[in-house]
Structure formats: C-alpha cells, structure tokens
Amino acid sequence: MISTRLAFFVVTAVCAAVISIQHFSLLSIDGAVSKAHSSVLEASELHENSPGDQTASGNTKRPNVLIFLVDDLGFGDLSFMGHPTSQSPAIDRLAAQSKVFTQFYVTSPVCSPSRASILTGRYQTRSGIYPGVLEPDNPRGLPVNETTIAKLLQRQGYRTLITGKWHLGVGYKGEYLPAHHGFDDYLGVPYSHDMCPCYVCFPDDKPCYDTCWDTHVSCALISNTTIVEQPTPLPSLAAKLLQKATDFLEQRAQDKDPFFLYMPFMHVHHPQFSAAEFEGKSTRGIFGEALLELDHSIHSVVQTLDRLKLANDTIIWFLSDNGPSLLRQERGGCAGPLRCGKGTTWEGGVRVPAFVRWPGHVAPGRTDALLSSLELLPTIAALTSADTTGLSLDGVDASSFLLGLTDQPPRKFFAVYPVNADQSTGPHAVVYKNFKTHFYTVGSDLSDNENYDEICTQKHKLTAHNPPLLYDLSVDPGERWNIANNTKLRETMKRMEVWRTQHMQTMTWMQSVTTDHEPRSQPCCTDRSCDPFPTCCDCPAK
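Conventions used here
Residues numbered from 1 in each chain as written. Predicted model: local features only at pLDDT ≥ 70, side-chain atom pairs only at ≥ 80, totals over all residues. Heavy atoms only, no water. Salt bridge = Lys/Arg side-chain N within 4 Å of Asp/Glu carboxyl O. Axes fitted to C-alpha atoms, helices over the stretch in contact; angles between N-to-C directions. Helix = DSSP H or I, 4+ residues; strand = E, 2+ residues; numbered from the N terminus. Parallel < 35°, antiparallel > 145°, perpendicular 65-115°, else oblique. Contact = heavy atoms within 4.5 Å. Nonpolar A, V, L, I, M, F, W, Y, C, P; charged D, E, K, R; others polar. 1 Å grid on protein atoms, 1.4 Å probe; cavity = no way out; pocket = protein on both sides within 12 Å on 5 of 7 lines; lining within 4 Å. Points joined across faces, edges and corners; volume = space filled by probe spheres on them. Core = buried A, V, L, I, M, F, W, Y, C linked by side-chain atoms within 4.5 Å. Buried < 20%, exposed > 50% of the residue type's maximum accessible area, 1.4 Å probe, protein only. Polar contact = N/O pair within 3.5 Å; in protein donor to acceptor, adjacent residues only side chain to side chain. pLDDT = per-residue confidence, 0-100. Pairing = 2+ DSSP bridges. Lys, Arg positive; Asp, Glu negative; His and termini not counted. Disulfide = S-S within 2.5 Å.

**Student:** Looking at this model, I keep getting lost on the pattern of salt bridges. Mind explaining?
**Tutor:** Once their charged atoms are close, side chains differing in charge can pair, the charge on each being opposite to the other. Tallied over the full model, the rule gives 28 salt bridges. Residue Glu330 pairs with Arg331 through a salt bridge whose shortest N-O separation is 3.7 Å. The network of salt bridges with shared partners includes Arg159, Asp184, Arg252, Asp255 and Asp257.

Below, the structure written as structure tokens:
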C-alpha cells in the first residue's frame, strides 16, 4: 500500500505503448542565425549549459556517493509511480526520503550512449559512443582520456567500486574496462546479458523466456580485469554482486575512507532472471520477480549503510538508463502515461524515474524541474569539492537546487539524441522548460512493432517535421496534441529552434567507436585463438 507521504507522487500507470573536445559556449557563435535571432535567447539562457559556480554543501566531511542505475526501467514501472501490480517497497521508501524528479531525462533511449553521458557529464557524441550500443565484438570503448565521476573522486582520495553492467567497452586486453576509468575494483558482466547465449534464468535449470545472442561468447563475470567465470549463472548473479558491494561498504566503514559505489544493475533488462526466493512472488510475473530481486538488493545496501552508520554521510542517486523495452510486451516495462518507449525520442524512451537522497541536506519532496543525467558529474563534483577545471561539460551543477539554496532549476534546454545519432540531423528533439519540440521522429522495434501506436514502430521511418511538432508536457506528457499552430507560442518555438541550431554548431563529434566489429575481440576465458570459437572460451569458475 502506498503511504500518505507518497500519495502525491502517484501517476496513473497506463502500460500500453500509446500512452577531443571543446566546451560549448553559445556566446562564441556568429553567423546569420545567431545575429538574426540574438534577441530571442536571453543571456542567462545562452549560458545555461555552463557548469557555473561549484556550490558545495558547506559540509566539512566529504560525503560518500552511491549511484543506483537500473536497466530499462520505465517511468511507470515502480509502485510509487503508480504501477498497480509492481512491488518495490524498498525503492518506494527510499523515494519518500528523497527529492523526486518527475521531468528527468537521459541523453539516449539505449544503454551505452546513455551510460557514457551519466559518467562523463557530456553528450555521447563527444566520446564516440554512437550510433547504437557497444556489442561484445566491438574492440573499442569509452576513450580512456574521458574523465568519469570515478576518476574525479579517485583523485580526491575516494575508494571506488562498480558492480554490475558496464557496457562501455572491453578491448582486446581489457583496456576499456572500469579499471581504466577510475574504478579501484569491478565485478560484473561487461555488457547486457542478452548479448550472450542464455539458457537458464531461474533455479532448477528453468529456461529464459526470451531469445539471446547464441552466436557470441558466453556471458563472462569479470573481477577487475580477470574473467573468473564464463558462463556466469544468471540466477545467482545478483547475490554475488550484492555481496561484493556489501563487503566494500564494510571495509569503508573500517578504514573511514570516503567512497563512490556505482551499482549499474543487470535488472530489469530482458531476459528477466531471479533467484528462488523471488519465484512466484509477484503478480506481475517474471518482470515483477526481477523487480523484486532488484528491490531486495537496494534494500540490503541501504540497510548496510544504516547499520554501519554511513547513511547520513552518503548521497544516493537513483535513475534508469533509458525507457522500457516495449518489444517484450508483458515481459517488458511500462512507460506509464508517456508515449512509446526504448529506442525512441518520445518521452517514454528518454524520460525516466530519478531521485536523490541525502539526509539532512536534500529535503524530501517532488519537483517537475527540468534536469538530466548530464547533471550527475558536475553536481557530485560540487558536493564533494572535486575540481572540474579544464573539463568540457554539457551537464550543469544542480547542487544549489538540490540543497534548497535556490528554487530556480539550473537547466532550461535539453537536447534529445536518437539511437543512431548523426551529425546531419543532430538532436531529434529539444526540451525547453515544459515544452518539447520534435524536429525528427523515427520508430523502433524496441517499442514493439505490434504497438497500436504506429509512430512508435519501425513502420514509422525517419521523418523531418517542418514546422517541428510542439507539445506542452505539463498538460500533455503523452505527447498527443501538437500545438505548433498556436500563435501565442511562436516565440517559444523560435527560442527552441535557435538554441538547437547553436547547439549543433558547437557540438563536437568524435569518431564512432561502436561501428567496428571483430569476433575474436570478445572476452574469452581461455584463448581467443581457440577452436571451436566461441564455445571454446567457456571455462569453469576460478
């Protein structure tokens, strides 16, 4: 049952699909567009994507940082967001103690580019994590010269750990694994678990309910840079990752070092899996069981923080990497009232559940202020007094807003890039306050080709919109009523068009690292030259 305190978070959950490198300074742009429309954008808006002043909390003790990143969790998937059959009591309790963001965006409707932006505070085009996602046979990954949250905090004396899904590259010699991006230690699978053969998802050798990539190597469990198990059994995977995180917290409580714990969960991406204790416990089926196991992991970590008296000194940031995979239908996620889902630039693909808890510093509540995953790095840097001098960031420091020092949200504009980002089309959509314009739209099979909203499906080919589609998200989060012909909104439309043009002129596009493929570059426990490949890569647990 949803508590009274949480009641105002609830939305009606309708789970059908209908519902390198230069810091960009907008003032440096010249040319016809900026000259003709310089009066359209105020000076504050021209600067709104700059990191700005680094506002610290004033706390003498550096806070710990914990990020819970859920895979493919939709806006309407959690019970506190209104889903009628989801059970997520621990997440609900955590949200009740947090500032909840109801208009929070990620930079891509798929995994790898979104994760790159979360960790770097930069659009994925700047690091080459486009188009699409990194696959097991991509020999490259996130460039090691990128500054991640982990690198920033490691330089500050923080101990850093990642447990779970990396999905930012491996390399022939593990040169793109987390160890080269600021993490002291790592335990997890380096990409989505559907990118390997999957046969067993539940105890007693019960099969998975979805197909996986059976022509690739088995899913490897990697400890730092060493494969310790290939294949790794899915039913016991969450418990192993939880134990690693728990051991890390226990050690930090002893040595008193500040820490950064990054937990990018394998759940609730397909094929869903879970341990025996969650089997048959959810009326939402196997998706609900995976969600219960996710909730259990979060509950255990929060309990550990409480037991070790670390909770009040730890910032927790919860979010999803993109919208739900509607392709999996009843075994996929729920976008709630939002249109379409994963793979699209409609709200269901990029608007995700998110909240921040820091007891005594961040007041619990709800805000519809525009924020994004780009804000994590600059905001965490400000709250921990980490130095971002010299970094070219697209994220803005939201620390003053989080701490209640201002009621003015730090972001006004946000660019929404598609799965297959391309320099010629740029961002397909722009969000400005509560308005959203679509300059291009394209459907995706990830939003289900059987979806009765055809604009979500692959039948909807890349379409340019002139004039752009315009929606007022404050009254129409489902993007149903195009109001581009409203003459009272012409100035708003012009602001968004000008900002997008300037954004495109200043965006840097690093060469893509997702397009190269070499089968023998996949993680292999034995020897990549072995035969028959790829099954010869399997090895017993070490």
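Here the narrative resumes.
**Student:** Which parts of the structure should I look at to understand the packing of helix 3 (residues 89-96) against helix 7 (residues 285-307)?
**Tutor:** For any two helices packed against each other, the geometry is given by the interaxial angle and the distance between the axes. Direction vectors running N to C along helix 3 and helix 7 enclose 50 degrees, while the axes themselves pass 7 Å from each other. As far as their axial angle goes, helix 7 and helix 3 are oblique. Only Leu294, Asp295, Ile298, His299 and Val302 of helix 7 make contact with helix 3, whose side of the interface consists of Pro89, Ala90, Ile91, Arg93 and Leu94. Among the residues making up the contact of helix 3 with helix 7, the classes are represented as 7 nonpolar, 1 polar and 2 charged.

**Student:** I would appreciate a short explanation of empty space enclosed by the protein in the present structure.
**Tutor:** Space left empty within the atom packing is revealed by a probe, the size of a water molecule, rolled over the atoms. By volume, the largest cavity is sized at about 100 Å³. Listing elements by their share of the lining of the largest cavity, those giving two or more residues are helix 6 (237-255) and strand 10 (259-264). If you tally residues by element for the lining of the largest cavity, the top one is helix 6, at 3 residues. Taken together, the residues that form the lining of the largest cavity break down as 8 nonpolar, 4 polar and no charged. What lines the second largest cavity is Leu134, Glu135, Pro136, Asn138, Arg140, His167, Gly169, Val170, Pro190, Tyr191, Ser521 and Pro523. Partitioning the lining of the second largest cavity into residue classes produces 6 nonpolar, 4 polar and 2 charged.

**Student:** Is there a simple way to think about the nonpolar core in this case?
**Tutor:** One broad rule of soluble globular proteins: the nonpolar side chains tend to lie buried together. In this structure, Ile67, Phe104, Phe260, Trp317, Leu319 and Leu376 are the most contacted members of the largest nonpolar core, which totals 86 residues. At 5 residues, the largest contribution of residues to this core is made by helix 9 (residues 376-384). Leaving out residues up to four positions away in the same chain, Leu376 has contacts with Ile67, Phe104, Ile118, Ile149, Trp317 and Leu319.

**Student:** When you look at helix 9 in this model, what are you seeing that I'm missing?
**Tutor:** Working note: α-helix, 3.6 residues per turn, so residues spaced by three or four point in the same direction. Counting buried positions along helix 9 gives 9 out of 9 residues, so the element sits mostly inside the fold. Among all positions of helix 9, only Leu376, Leu377, Pro378, Thr379, Ile380, Ala381, Ala382, Leu383 and Thr384 are buried.

**Student:** Explain the environment of Thr125 to me, please; I cannot follow it from the model alone.
**Tutor:** Summarising the element assignment, Thr125 is placed in the loop between helix 4 (111-120) and helix 5 (149-155). Thr125 sits 301 residues away from Gly426 along the chain, and the two C-alpha atoms are 9.8 Å apart. For Thr125, the contacting residues outside a window of four places in its chain are Tyr130, Tyr417, Met507, Thr508, Trp509 and Met510. One polar contact links the side chain of Thr125 to the main-chain carbonyl oxygen of Thr508, over a distance of 3.4 Å.

**Student:** Sorry, what's going on with the confidence of the model for the protein chain here?
**Tutor:** Averaged over every residue, the pLDDT of the protein chain is 90; the share at 70 or more is 89%. Counting interchain partners and residues more than four positions distant, the pLDDT-below-50 stretch residues 1-14 has 35 contacts. Between residues 50-56, whose pLDDT stays under 50, and residues either more than four places distant or in other chains, the model counts 22 contacts.

**Student:** Hey, could you run me through the sheet that holds strand 15 (residues 413-416) in this one?
**Tutor:** Note on sheets: strands pair through backbone hydrogen bonds, and any given pair is parallel or antiparallel. Here we have 4 strands laid out as an open sheet, ordered 15-16-17-18, and antiparallel in their pairing. The open sheet has two edge strands, strand 15 and strand 18 (463-472), and neither has a second partner. When strand polarity is set aside, the average angle formed by the axes of neighbouring strands in this sheet is 15 degrees. Packing against the sheet, helix 11 (residues 490-506) makes contact with strand 15, strand 16 (429-432), strand 17 (435-441) and strand 18, and its axis sits at approximately 55 degrees to strand 17.

**Student:** Would you mind going over the side chain of Asp397 with me for this structure?
**Tutor:** Here Asp397 is to be found in the loop between helix 9 and helix 10 (399-402). Of the side chains bearing the opposite charge, Arg411 lies closest to the buried Asp397, which forms no salt bridge; the N-O distance is 11 Å.

**Student:** Sorry if this is basic, but what is going on with the pairing of strand 15 here?
**Tutor:** Here is the key point about a regular strand: its side chains alternate between the two faces of the sheet. Burial along strand 15 is two-sided: the residues Phe413 and Ala415 and Phe414 and Val416 are all buried. For strand 15 and strand 16, the ladder comprises 4 bridges, and the chain directions are antiparallel. Bridge pairing links Val416 to Ala429 in strand 16.

**Student:** Before we go on, may I ask you to explain the side chain of Arg328 in this structure?
**Tutor:** Along the chain, the position of Arg328 falls in the loop between strand 11 (314-320) and helix 8 (347-350). Residue Arg328 is classed as buried on the basis of its relative accessible area, which comes to 17%. Those residues within four positions of Arg328 in sequence are excluded, and the remaining contacts are Asp210 and His270.

**Student:** Would you take a moment to explain the state of the cysteines for this structure?
**Tutor:** In this structure the tally under the stated criterion is 7 disulfides. In this model, Cys530 is linked to Cys536 through a disulfide, with the two sulfur atoms separated by 1.9 Å. In this structure, the disulfide formed by Cys530 and Cys536 twists by about 75 degrees around the S-S bond and is classed as right-handed. Across the pair, exposure class does not vary: Cys530 and Cys536 are buried alike.

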